[in-house]
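Descriptive analysis of the structure
Each chain, written out:
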Amino acid sequence: MFIPFFLELKAEKVPVTLREFLSLIEGMEKGITAFDVEAFYFLARTALVKDERYIDRFDRVFRRSFAGLDTVLPSAGIEEATIPEEWLRKLAEKYLTEEEKRLVEALGGFDKLMETLRQRLAEQTGRHQGGSKWIGTAGTSPFGAYGYNPEGVRIGQEGSRHRRAVKVWDRREFKDYDDTVELGTRNIKVALKRLRRWVREGAAEELDLSGTIRSTAEHGYLDVVTRPERRNAVKLLMFFDVGGSMNDHIRVVEELFSAARAEFRHMDYFYFHNCIYEGVWKDNRRRRADITRTAELLRTYHGDYRAIFVGDASMSPYEISHPGGSVEHWNDESGALWLERLTTHFPHSIWLNPVPESDWRHTHSIGMVRALFGGRMFPLTLAGLQAATKELSR
């Protein structure tokens, strides 16, 4: 059962050794994990992964190798079963039909929402569940967790359920995209090569070997032929939306990231969440401590860089239009203002959207971002990449 798992890890280029594999088997023989799938996952990861760069690849192999294992675990030998506390908590979550959701009204705007939250924080003294006013759980209040409201502030909930939150109170951690993903990147590389081919510079100083041989044979004497040196002149700057709804598109964005890193010598990148504000970052584990100021970025990178923004542009419209609208912090200036500064500084800039183009009209924020880019938004497909690189080469 475990040998194919070990071999798949090797195939994914996770540097796991036989000694580490034997350590995992020893742990299993001593009953460290019993029938706990989660404990087995952490035991296997601890024994087999020695560098956090490989955790994503380990997770993919683990999911393929042990999919459905938690539903078929044997119950023999277990005399007493208890209902997990997590199951009981889930019973209290609020689930509404689509018709019931339409009856729940929003407070009426970002400013009203923030002012009401201040009032609730000042007035509320205890826990609340199932209501429509206080900060609580399993209700229709705009504030809290495991309920529903068209516009609200998520407080105390692990992960998004309806993607309606205007702000998220809780701290969230995002993962960097894996730039070594290779599966599926070949066609993306082909598309990106068009951008390199269209923008080249150089002088007639490189020996054209095949041309020299052909010309020498034709003339009967040595005829050295030169040609413009083929150097990649494209300088590429990429901005990647990470976390939240972008978790649905991790694979295709990783393929794009990997292809771009392989194809462009002059390439740099930054991360953001939903919309760009006063700061971006390079490492998602240090995104709260190691911030690059966007104003500094504009001074550092010349306007001749080609700028590619990658994101689903799916967010609350307030995140674009309002100061303080960011889902995670209080931004003094609106996202729209920062995007205007970036597109002005980088006139060769486009937005790539992994959401199918046919769905763009259903999300107001996508239309807002598209307008800010002067219509230069393209779907993250091969056809979209070809159109995008053509636009960038103008």
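Just above, that's the structure.
Here goes a summary of the coordinates provided. (Residues numbered from 1 in each chain as written. Predicted model: local features only at pLDDT ≥ 70, side-chain atom pairs only at ≥ 80, totals over all residues. Heavy atoms only, no water.)

Considering the packing of helix α1 (residues 2-11) against helix α2 (residues 18-29)
Our working definition: Structural elements are reduced to axes, namely lines fitted to C-alpha atoms, with helices fitted over the stretch in contact, and the angle between N-to-C directions of any two is expressed from 0 to 180 degrees. Working definition: helices are DSSP H or I runs of at least four residues, strands are E runs of at least two. Numbering for both runs from the N terminus. Crossing handedness is defined as follows: a turn of the near helix away from the far one that is anticlockwise and smaller than a right angle gives a left-handed crossing, while the clockwise case is right-handed. By the convention used here, residues are in contact when the closest approach between their heavy atoms is within 4.5 Å. In this classification, the charged set is Asp, Glu, Lys and Arg, the nonpolar set is Ala, Val, Leu, Ile, Met, Phe, Trp, Tyr, Cys and Pro, and all remaining amino acids, among them Gly, are polar.
Two elements in contact, α1 and α2, have axes separated by 11 Å at closest approach and are oriented at 145°. Like other packed secondary-structure pairs, α1 and α2 cross with a definite hand, here right-handed. Counted together, Phe 2, Ile 3, Phe 5 and Phe 6 of α1 and Leu 18, Phe 21, Leu 24, Ile 25 and Met 28 of α2 form the full contact between these two elements. The class makeup of the residues in the contact of α1 with α2 is 9 nonpolar, no polar and no charged.

Considerations on the packing of aromatic side chains
Cut-off, in case you're wondering: Under the pairing criterion, centres of Phe, Tyr and Trp rings, with the six-membered ring standing for Trp, must be within 6.5 Å; the plane angle then separates stacked pairs below 30 degrees from edge-to-face pairs above 60, leaving the rest tilted. Here, a charge over a ring means that NZ of Lys or CZ of Arg falls within 6 Å of the ring centre while also lying within 35 degrees of the ring normal.
Scanning all chains against the criterion turns up 20 aromatic pairs. Summarising the aromatic geometry, the rings of Phe 5 and Phe 58 are spaced 5.9 Å apart at their centres and angled 65° between planes, so their arrangement reads as edge-to-face. Of this pair, Phe 5 sits in helix α1 while Phe 58 sits in helix α4 (residues 55-66); the two residues are 53 residues apart in sequence, bridging distant segments of the chain. An aromatic cluster is present here, built from Phe 239, Phe 270, Phe 272, Tyr 301, Tyr 305, Phe 309, Trp 351 and Phe 373 joined pairwise through their rings. In this structure, Lys 282 is placed above the aromatic ring of Tyr 269, and the distance from its NZ or CZ to the ring centre is 4.2 Å. Positioned above the aromatic ring of Trp 338 is the side chain of Arg 341, whose terminal nitrogen or guanidinium carbon lies 4.4 Å from the ring centre.

Remarks on the pattern of salt bridges
Stated precisely, the cut-off is as follows: We define a salt bridge as a contact between a side-chain nitrogen of Lys or Arg and a carboxyl oxygen of Asp or Glu at a distance within 4 Å. Three exposure classes are used, based on accessible area relative to the maximum for each residue type with a 1.4 Å probe and protein chains only: buried under 20%, partly exposed in between, and exposed over 50%.
Within the structure shown, the criterion is met by 9 salt bridges. Between Glu 255 and Arg 251 there is a salt bridge; the shortest N-O distance is 3.7 Å. Separated by 4 residues within a single helix, Glu 255 and Arg 251 lie in helix α10 (residues 250-263), roughly one turn from each other. For Glu 255, a relative accessible area of 13% gives the class buried. Of the residues examined, Arg 251 reaches a relative accessible area of 32% and is grouped as partly exposed. A salt bridge links Glu 333 to Arg 341; the nearest nitrogen and oxygen atoms lie 2.9 Å apart.

Considerations on the pairing of strand β10 (residues 266-272)
Condition: DSSP calls a pair of strands paired once it identifies at least 2 bridges connecting them. Handedness of a crossover is defined as follows: orient the strands so they point away from the viewer, and if the path from the first strand over the helix to the second runs clockwise, the crossover is right-handed.
Most of β10 is tucked away, with 6 of its 7 residues classed as buried. Relative to β10, strand β9 (residues 235-241) runs parallel, the two sharing 7 bridges. Bridge pairing in β10 places Asp 241 opposite Phe 272. On the question of chirality, the crossover connecting β9 to the parallel β10 by way of α10 is right-handed.

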